[in-house]
Amino acid sequence: MKSPLVEKFQELFGAEGNIRSYFAPGRVNLIGEHTDYNGGHVFPCALTIGTYAVVRKREDRRLRFYSMNFEQLGMVESSLDDLVWKKEAQWTNYPKGMIWTFQQKGFAIEQGFDMLLFGNIPNASGLSSSASVEVVTGVALRDLYVGNTEEISMIDIALYGQYSENHFNGVNCGIMDQFAVAMGKKDQAIFLNTSDLSYTYAPIKLKNEKIVIACSNKKRGLGDSKYNERRAECEEALAELQKVVDVKSLGELTEEAFEQYKDAIKSPVRMRRARHAVYENQRTLQAVEALKAGDLAAFGALMNASHISLRDDYEVTGKELDTLVEAAWKQPGVIGSRMTGAGFGGCTVSIVENQAVDAFIRNVGKIYVDTIGYEADFYVVEIGDGGQVLE
Ligand code: GLA
């Protein structure tokens with residue numbers, strides 16, 4: 001049966017030729033926040049929601065894009081001779097950034113394409129809708145222009161996504177989002193060491209609990225947020241620490257070592273930023289151990305501690321996320337709750353006992369609307385696979 005997306009593609013771009021379909025998920029990070037650009041560990045998983053792309057290679061150099069999430073933009077036209085970031089190009093900067101990156105990495109892309117996109121991740125919510133578009137484009141480009149999966153691995157696609165985000169879109173993000181989106185596996189979280197990209201999968205066997213995401217609906221763009229500023233603060237704190245201790249990243253420090261050397265950091269603000277990076281990395285290691293030991297309560301307590309550190313030391317939460325998390329902590333059947341992703345808006349992630357989920361959504365939703373003045377959206381999510389070609 002023809003998928004509704006292929007039908008829509010044919011209606012917009014014509015029915016002829018080799019029309020291919022692809023998918024890449026969104027992600028949620030369970031713990032390990034703002035550690036990925038500090039050489040620390042992260043523990044994200046891919047979701048079953050994500051971005052679908054239908055793509056057909058063209059003979060000429062034109063690029064035509066259509067997103068069912070931004071229908072008001074209509075068909076957006078460009079070409080391979082116009083691979084530069086432009087504000088008005090909006091979401092098409094992500095696929096264009098990937099083409100540009102493939103070219104930078106030495107892959108010849110001399111023919112354009114037509115692309116239809118549909119995503120069921122809430123946009124700009126901190127669930128990596130942009131990494132999802134990057135990875136789905138990467139999978140499509142590999143399939144249509146390279147063909148050989150030996151030559152470009154899924155980890156390469158993740159790295160290209162990050163490269164394009166850093167150098168084309170101007171956001172200095174770490175590798176977590178693109179890695180999770182490219183490498184996700186059903187019912188598994190990814191325990192990734194960002195200092196060398198070594199990773200293992202950890203099964204998330206929740207029998208009596210669900211993962212519930214609450215979206216604050218406070219929109220944020222990573223580029224104009226304080227993300228790059230936090231990253232610079234950590235780099236500065238590291239440089240100060242390096243005067244007294246031989247480390248390559250904050251992720252190399254234990255809590256004890258940090259306490260021993262922290263006076264080298266000359267500003268209290270930078271000290272708190274670095275403390276978060278060090279302690280959050282250690283919490284992530286402990287959380288993975290707790291999960292292995294089947295101690296979900298300990299895992300939840302570490303999630304809560306992560307939020308407090310992001311709120312007080314790293315200062316990336318804000319009233320919306322704090323309201324959601326603090327309301328969640330008060331609900332019965334909540335194992336743990338924290339903000340997830342970059343922060344400054346976006347989503348929280350909570351682990352909630354099955355029988356408590358409905359009341360959780362009702363109660364936290366009410367407290368949120370009463371405090372903030374607009375509604376939050378809730379999603380009970382499943383852990384899914386990473387980027388792929390759809391048959
Ligand atoms: C964003 C970035 C990631 C990571 C998180 C914070 O999602 O894209 O690289 O830094 O913020 O953990």
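Structure shown above.
Residues numbered from 1 in each chain as written. Predicted model: local features only at pLDDT ≥ 70, side-chain atom pairs only at ≥ 80, totals over all residues. Heavy atoms only, no water.

Enquirer: Which parts of the structure should I look at to understand the overall build of the chain?
Expert: Of regular secondary structure, the chain possesses 11 helices and 13 strands. Taking 2.2 N^0.38 as the reference for a compact globule, 391 residues should give roughly 21 Å; the C-alpha atoms of the chain span a radius of gyration of 21 Å, in line with that estimate. Viewed in the frame of its principal axes, the chain has a C-alpha envelope of about 65 × 50 × 40 Å. By the burial criterion, 58% of the 391 residues in the chain qualify as buried. For the chain, the share of sequence-separated contacts (at least 6 apart) that also reach a separation of at least 24 residues comes to 72%. Accessible surface for the chain amounts to roughly 16000 Å². Of this, 49% is attributable to carbon and sulfur atoms. Charged side chains in the chain number 42 positive and 53 negative. The centres of these two groups are separated by 2 Å. (Helix = DSSP H or I, 4+ residues; strand = E, 2+ residues; numbered from the N terminus. Rg over C-alpha atoms; globule rule 2.2 N^0.38 Å. Buried < 20%, exposed > 50% of the residue type's maximum accessible area, 1.4 Å probe, protein only. Contact = heavy atoms within 4.5 Å. Areas by Shrake-Rupley, 256 points an atom, 1.4 Å probe, with all protein chains shown as cover. Lys, Arg positive; Asp, Glu negative; His and termini not counted. Charge placed at Lys NZ, Arg CZ, Asp CG, Glu CD.)

Enquirer: Honestly, the site of the ligand in this entry has me stumped. Any pointers?
Expert: Neighbouring residues of the ligand: Arg 27, Glu 33, His 34, Asp 36, Tyr 37, Cys 173, Gly 174, Met 176, Asp 177, Tyr 227, Gly 341 and Ala 342. Between the ligand and Asp 177, the relevant distance is 2.6 Å, taken from an oxygen atom to a side-chain nitrogen or oxygen of the residue. The contact in question runs from an oxygen atom of the ligand to an N or O atom on the backbone of Ala 342, over 3.5 Å. With the chains in place, 98% of the 310 Å² that the ligand exposes on its own is no longer accessible. (Near = heavy atom within 4 Å. Polar contact = N/O pair within 3.5 Å; in protein donor to acceptor, adjacent residues only side chain to side chain.)

Enquirer: Explain the sheet that holds strand E2 (residues 41-42) here, please?
Expert: Remark on secondary structure: sheet strands pair via backbone hydrogen bonds, oriented parallel or antiparallel. The sheet built from three strands is open, its strands ordered E2-E7-E8 with antiparallel pairing. Looking along the sheet, the strands with just one partner apiece sit at the ends: E2 and strand E8 (198-203). Examined bridge by bridge, strand E7 (residues 188-193) and E8 share six bridges and lie antiparallel to one another. Within E8, the position partnered with Ile 190 by the bridge is Tyr 201. Across the sheet, helix H5 (residues 176-183) touches E2, E7 and E8, and the angle it forms with E7 is around 140°. (Pairing = 2+ DSSP bridges. Axes fitted to C-alpha atoms, helices over the stretch in contact; angles between N-to-C directions.)

Enquirer: Please explain the pairing of E7 as it appears in this structure.
Expert: The two faces of the sheet receive side chains in turn, since in a regular strand these alternate between them. Burial within E7 is extensive, with five of its six residues counted as buried. Relative to E7, E2 is paired through two bridges, and the arrangement is antiparallel. Each residue of the ladder has a partner; that of Val 42, found in E7, is Leu 192. From the end of E7 to the start of E8, which pair antiparallel, there are four residues, and Leu 197 there has a positive phi angle of about 60°.

Enquirer: Any chance you could explain the packing of aromatic side chains here in plain terms?
Expert: Per the stated rule, a full pass over the model turns up 16 aromatic pairs. Ring geometry for Phe 9 against Phe 13: centres 4.9 Å apart, planes inclined by 50°, an arrangement best described as tilted. Of this pair, Phe 9 and Phe 13 are both found in helix H1 (residues 4-13), four residues apart, which corresponds to roughly one turn of the helix. For the pair Phe 9 and Phe 13, one class covers both residues: buried. Positioned above the aromatic ring of Tyr 145 is the side chain of Lys 57, whose terminal nitrogen or guanidinium carbon lies 4.9 Å from the ring centre. If you follow Lys 105 out to its NZ or CZ, it ends over the ring of Tyr 163, 3.9 Å from the centre. (Phe/Tyr/Trp six-rings, centres within 6.5 Å; stacked < 30°, edge-to-face > 60°. Lys NZ or Arg CZ within 6 Å of the ring centre and 35° of its normal.)

Enquirer: Explain helix H4 (residues 154-167) here, please?
Expert: Residue pairs three or four apart in sequence face the same way in an α-helix, which turns once every 3.6 residues. With 14 residues, H4 should reach 20 Å at 1.5 Å per residue; the first-to-last C-alpha distance of 20 Å fits that figure. Among the structural elements, helix H2 (93-104), helix H3 (129-146) and H5 are those in contact with the buried residues of H4. (Expected span 1.5 Å × (residues − 1).)

Enquirer: Honestly, the side chain of Glu 134 in this entry has me stumped. Any pointers?
Expert: Structurally, Glu 134 is set in helix H3. This buried residue, Glu 134, is left without a salt bridge; Arg 27 holds the nearest opposite charge, at 11 Å. Non-local contacts of Glu 134, meaning those with residues more than four positions away in its chain, are made with Tyr 94, Met 98, Gly 161, Ser 164, Glu 165, Asn 169 and Gln 178. (Salt bridge = Lys/Arg side-chain N within 4 Å of Asp/Glu carboxyl O.)

Enquirer: I tried to follow the environment of Gln 331 on my own but got confused; where do I start?
Expert: Structurally, Gln 331 can be placed in the loop between helix H10 (318-329) and strand E10 (334-340). Assessed through its relative accessible area of 11%, Gln 331 is described here as buried. For the pair formed by Gln 331 and Ala 356, sequence separation is 25 residues and the distance between their alpha carbons is 8.3 Å. A distance of 3.0 Å separates a polar atom in the side chain of Gln 331 from a polar atom in the side chain of Asn 363.

Enquirer: Can you walk me through the pairing of strand E4 (residues 62-67) in this structure?
Expert: In terms of burial, E4 is largely enclosed, as five of its six residues are buried. With five bridges joining them, E4 and strand E6 (residues 113-119) adopt parallel strand pairing. The partner of Arg 64 across the bridge, within E6, is Asp 114.

Enquirer: What is the right way to read the environment of Asn 363 from this model?
Expert: Position of Asn 363 relative to the elements: it lies in helix H11 (residues 357-372). When its relative accessible area of 31% is taken as the criterion, Asn 363 is described as partly exposed. Asn 363 sits 126 residues away from Ala 237 along the chain, and the two C-alpha atoms are 41 Å apart.

Enquirer: Explain the sheet that holds strand E11 (residues 347-353) here, please?
Expert: Spatially, E10-E11-E9-E12 is the arrangement adopted by the four strands of the open sheet, whose pairing is antiparallel. At either end of the open sheet lies a strand with only one pairing partner, and these are E10 and strand E12 (377-381). Neighbour-to-neighbour, the strand axes of this sheet turn through a mean angle of 20°, independent of strand direction. Relative to E11, strand E9 (residues 209-215) runs antiparallel, the two being bridged by seven bridges. Pairing of Ile 213 across the sheet is with Val 349, part of E11. This element, helix H9 (residues 296-312), spans E9, E10 and E11 of the sheet and lies at about 35° to E10. Strands in contact with H10 are E9, E10 and E11; relative to E10, the strand with the most contacts, it is inclined by about 175°.

Enquirer: So what exactly am I meant to see when it comes to the nonpolar core here?
Expert: Across soluble globular proteins, you tend to see nonpolar side chains buried next to one another. If you look at the biggest cluster of nonpolar residues, it comprises 44 residues, and the most contacted ones within it are Val 55, Ile 99, Phe 102, Phe 113, Met 115, Val 135 and Leu 141. For this core, the leading source of residues is H3, giving 10 residues. Other than its neighbours up to four places away in sequence, Leu 141 contacts Met 98, Ile 99, Phe 102, Ile 109, Phe 113 and Val 146. Ranked by size, the runner-up nonpolar core spans 29 residues in total, among them Val 28, Cys 45, Leu 47 and Ala 287. (Core = buried A, V, L, I, M, F, W, Y, C linked by side-chain atoms within 4.5 Å.)

Interpretation note: all reported values are geometric properties and have no functional meaning in isolation.
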